[in-house]
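Given next are the chains, with one letter for each unit.
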Amino acid sequence: MADSFLHPDSHLFQVQHPAWAAHASIYEVNVRQFTPEGTFQAFEAHLPRLADMGVGIIWLMPIHPIGAVNRKGTLGSQYAVQNYYDVNPEFGTLDDLRHLVQAAHALGLYVLLDWVANHTSWDNPLVTEHPEWYTHDANGNFVPPIPDWHDVIDLDYNQPALRRYMTDALLYWVREADIDGYRCDVAGLVPTDFWDAARQELDQVKPIFMLAEWDELYPSGGLSWEEFDGNTRLLERAFDMTFGLRLHYLLDHIAEEKQELPDIDVYLAAERAKYPPSVYLMHFTSNHDVNSWDGTEYERLGPNALPFAVLCALLPGMPLVYSGQEAALQKRLAFFDRDPIDWQGFPLQEFYTKLLQLNKRHPALHNGVLESRFERLHASPTLYSFVRRHEEAAVLTTINIAPTIQKLTLPEAAQGTWHDVFSGEKLELHPGSTLTVAAHGWRVLERV
């Protein structure tokens with residue numbers, strides 16, 4: 001299967017990705033839990049380590065003050081925004097944020113803020129200043145967007161003045177803190193034409209990157225399949241990337257033996273039918289919601305947590321690493337209270353460094369490169385193997401989800417001299433050669 005054919009709707013996808021995003025991976029920062037201090041200043045000390053690991057984009061979970069009314073837990077949800085123009089004092093000051101962004105830029109990193117446009121806390125000043133900007137029920141009461149989200153209330157984007165306010169707030173942080181874009185919470189619940197217009201204004205300030213928490217191939221935002229809109233067109237003019245939710249849940253289902261490893265081929269075919277290859281999808285084995293509510297990758301994926309991490313890093317798409325994954329964190333982090341990560345000497349730092357640095361430097365793995373090709377290699381049902389190539393450069397990836405050693409018989413596409421990225425071994429491969437893959441293991445080979 002090739003991922004470089006001309007999609008019939010390619011002309012509709014007009015987002016111009018910043019040049020620096022082509023080779024980037026992304027790292028989600030839970031500032032509250034990242035350090036014992038839980039501050040911007042304390043997190044900033046980790047930036048050199050993340051840069052060395054191969055991270056390109058830092059995504060900060062929401063940095064705004066949190067509502068007190070109907071608050072969940074002791075400290076509340078970071079997604080219950082009380083003021084769009086202020087910084088949560090739990091994390092520090094605006095100057096601390098500016099310093100963090102400057103330090104990131106000095107290391108070649110780019111910074112996204114998490115933006116919650118769909119709803120606010122009950123005690124956001126907008127509630128009293130502009131109650132008409134909110135959704136009301138038949139009795140005139142404010143309503144949450146999802147019944148369980150009782151700490152927030154829904155905004156009404158039929159109000160032009162709200163759209164202007166929210167766009168100005170987005171512009172403020174780009175101008176005042178020099179951030180490089182946004183991760184937008186439940187983006188598909190906000191009208192696409194709002195995002196389209198806001199993106200145009202933001203790009204006039206600087207080239208930005210926009211990540212939507214959405215996937216047109218799988219429901220998000222607490223929606224059922226019946227409620228879900230799979231045709232939001234968020235990626236055509238507004239967003240550079242959406243979540244790869246369908247792949248994420250497919251990997252969970254494979255681990256639960258509800259689906260099989262070759263079903264990944266069905267997913268990739270659906271992705272290519274939906275989007276041209278210039279579009280970015282973000283692949284992951286964990287994030288803040290998944291870790292806290294669904295379980296750690298070790299709970300969900302068991303002994304295949306690391307093979308699936310290899311898959312997410314090297315399939316077409318941008319890999320995400322969540323706070324604590326390089327610590328082999330086997331704990332669900334509290335969402336509404338302090339619960340600092342125990343880093344334990346970063347036992348998986350080298351594992352993620354090998355993956356992210358390969359992703360960063362290898363031309364066949366760059367995001368949205370139309371000339372790159374994807375070739376699936378025939379394998380047993382417990383092996384998933386593929387080659388990604390750009391001209392003569394190539395990476396061969398194989399994972400094994402079986403509890404026993406498996407062997408892959410290699411086709412002509414694998415002929416040549418290869419370097420094993422993890423072992424350092426040099427291999428001369430020929431058609432008919434076999435590649436041994438450990439139980440619940442992986443092999444990643446780079447053509448030399």
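See the structure above.
Here's what I pulled together on the structure shown here. (Residues numbered from 1 in each chain as written. Predicted model: local features only at pLDDT ≥ 70, side-chain atom pairs only at ≥ 80, totals over all residues. Heavy atoms only, no water.)

## What to know about the sheet that holds strand β15 (residues 416-420)
The condition that has to hold: In this analysis, strands are considered paired if DSSP registers two or more bridges between them. Secondary structure counts use DSSP, requiring at least four H or I residues in a row for a helix and at least two E residues in a row for a strand, with both numbered from the N terminus. All axes are obtained by fitting lines to C-alpha atoms, using only the stretch in contact for helices, and the reported angles, taken between N-to-C directions, cover 0 to 180 degrees. The contact rule is simple, with two residues in contact once any of their heavy atoms fall within 4.5 Å.
If you trace the six strands from one edge of the open sheet to the other, you get β11-β12-β13-β18-β15-β16, paired in antiparallel fashion. A strand with exactly one partner marks an edge of an open sheet, and here the two such strands are β11 (373-377) and β16 (426-429). Averaged over all pairs of adjacent strands, the angle between strand axes in this sheet comes to 25°, irrespective of strand direction. Examined bridge by bridge, strand β13 (residues 393-400) and strand β18 (residues 442-447) share five bridges and lie antiparallel to one another. Looking across to β18, one finds that Thr398 is bridged to Arg443. Each of β12 (383-390), β13 and β18 is contacted by helix α13 (residues 305-314), which is oriented at about 155° to β13, the strand it contacts most.

## Describing the pairing of β11
Pairing of β11 with β12 involves five bridges; the strand directions are antiparallel. Bridging across to β12, Arg376 finds its partner in Phe386. Linking β11 back to β12 in an antiparallel pair, the connection comprises five residues.

## Quick word on the packing of aromatic side chains
To be explicit about the condition: For Phe, Tyr and Trp, where Trp contributes only its six-membered ring, two rings pair if their centres lie within 6.5 Å, and the inter-plane angle classes them as stacked under 30 degrees, edge-to-face over 60, or tilted in between. Only protein chains enter the area calculation, which uses a 1.4 Å probe; residues under 20% of their type maximum are buried, those over 50% are exposed, and those in between are partly exposed. Here, over-ring charges are defined by two tests on the NZ atom of lysine or the CZ atom of arginine: distance to the ring centre within 6 Å, and angle to the ring normal within 35 degrees.
Under the criterion given, the structure shown has 36 aromatic pairs. With centroids separated by 4.9 Å and ring planes inclined at 85°, the aromatic side chains of Phe34 and Phe43 adopt a geometry described as edge-to-face. The residues Phe34 and Phe43 share a single accessibility class, namely buried. With a centroid separation of 5.3 Å and an interplanar angle of 35°, the aromatic rings of Tyr84 and Trp115 are classed as tilted. Taken together, the residues span a long stretch of sequence, with Tyr84 in the loop between β2 (57-60) and α4 (94-106) and Trp115 in strand β3 (residues 110-115) at a distance of 31 residues. Just as Tyr84 is buried, Trp115 falls in that class too. Taken together, Tyr84, Tyr85, Trp115, Trp133, Tyr165, Tyr172, Trp173 and Tyr182 form an aromatic cluster joined through their ring pairs. Sitting over the ring of Trp343, Arg49 keeps its end group 5.1 Å from the ring centre.

## Details of the packing of helix α9 (residues 245-255) against α13
For any two helices packed against each other, the geometry comes down to the angle between their axes and how far apart the axes lie. We count it as follows: Note that the term roughly parallel is reserved for angles under 35 degrees, roughly antiparallel for angles over 145, roughly perpendicular for angles of 65 to 115, and oblique for everything else. Crossings are assigned a handedness: left-handed for a near helix turned anticlockwise from the far helix by less than a right angle, right-handed for a clockwise turn. Each residue receives one of three labels: charged for Asp, Glu, Lys and Arg, nonpolar for Ala, Val, Leu, Ile, Met, Phe, Trp, Tyr, Cys and Pro, and polar for the others, Gly being one of them.
Running from N to C, α9 and α13 cross one another at 155°; their axes reach a closest spacing of 12 Å. One way to sum up the angle between α9 and α13 is to call them roughly antiparallel. Crossing of α9 over α13 shows right-handed handedness. Together, Leu251, Ile254 and Ala255 of α9 and Phe308, Leu311 and Cys312 of α13 make up the contact between the two elements. Of the residues in the contact of α9 with α13, the class split is six nonpolar, no polar and no charged.

## What to know about the side chain of Asp240
Test applied: Polar contacts, as counted here, are pairs of nitrogen or oxygen atoms within 3.5 Å of one another; within protein the pair requires one atom able to donate a hydrogen and one able to accept it, and residues that are adjacent in sequence qualify only if both atoms are side-chain atoms.
Inspection of the secondary structure assignment puts Asp240 in the loop between α8 (234-237) and β8 (241-243). Under the relative-accessibility criterion, Asp240 is labelled buried at 0%. Within the local environment of Asp240, its side chain forms a polar contact with the backbone nitrogen of Met210, the two atoms lying 2.7 Å apart. What Asp240 contacts, discounting residues up to four positions off in sequence, is Val15, Gln16, His17, Pro18, Arg199, Ile208, Phe209, Met210, Leu235 and Tyr280.

## Overview of helix α14 (residues 349-361)
Going by this rule: Helix span, expected: 1.5 Å multiplied by one less than the number of residues in the helix.
With 13 residues, α14 extends 18 Å from end C-alpha to end C-alpha; this agrees with the ideal 18 Å at 1.5 Å per step. Here the buried face of α14 lies against α3 (47-53), α13, β10 (318-322), β13 and β18.

## Some words on the environment of Ala305
By the element assignment, Ala305 lies in helix α13. Residue Ala305 is classed as buried on the basis of its relative accessible area of 2%. When the C-alpha positions of Ala305 and Ser286 are compared, they lie 9.9 Å apart, and in sequence the two are 19 residues distant. Excluding residues that lie within four positions of it along the chain, Ala305 makes contacts with Thr285, Glu297 and Tyr298.

## Thoughts on the pairing of β2
Note the following rule: Orient the strands so they point away from the viewer; a crossover is then right-handed if the path from the first strand over the helix to the second runs clockwise.
Side chains of β2 alternate between two faces, with Ile57 and Trp59 and Ile58 and Leu60 buried alike. Looking at chain direction, strand β1 (residues 26-29) and β2 are connected through four bridges and run parallel. Across the sheet, the residue bridging to Val29 is Leu60, located in β2. Pairing geometry for β2 and β3, over four bridges, is parallel. Bridged to Ile58 within β3 is Val111. Considered for its hand, the β-α-β crossover made up of β2, α4 and β3 is right-handed.

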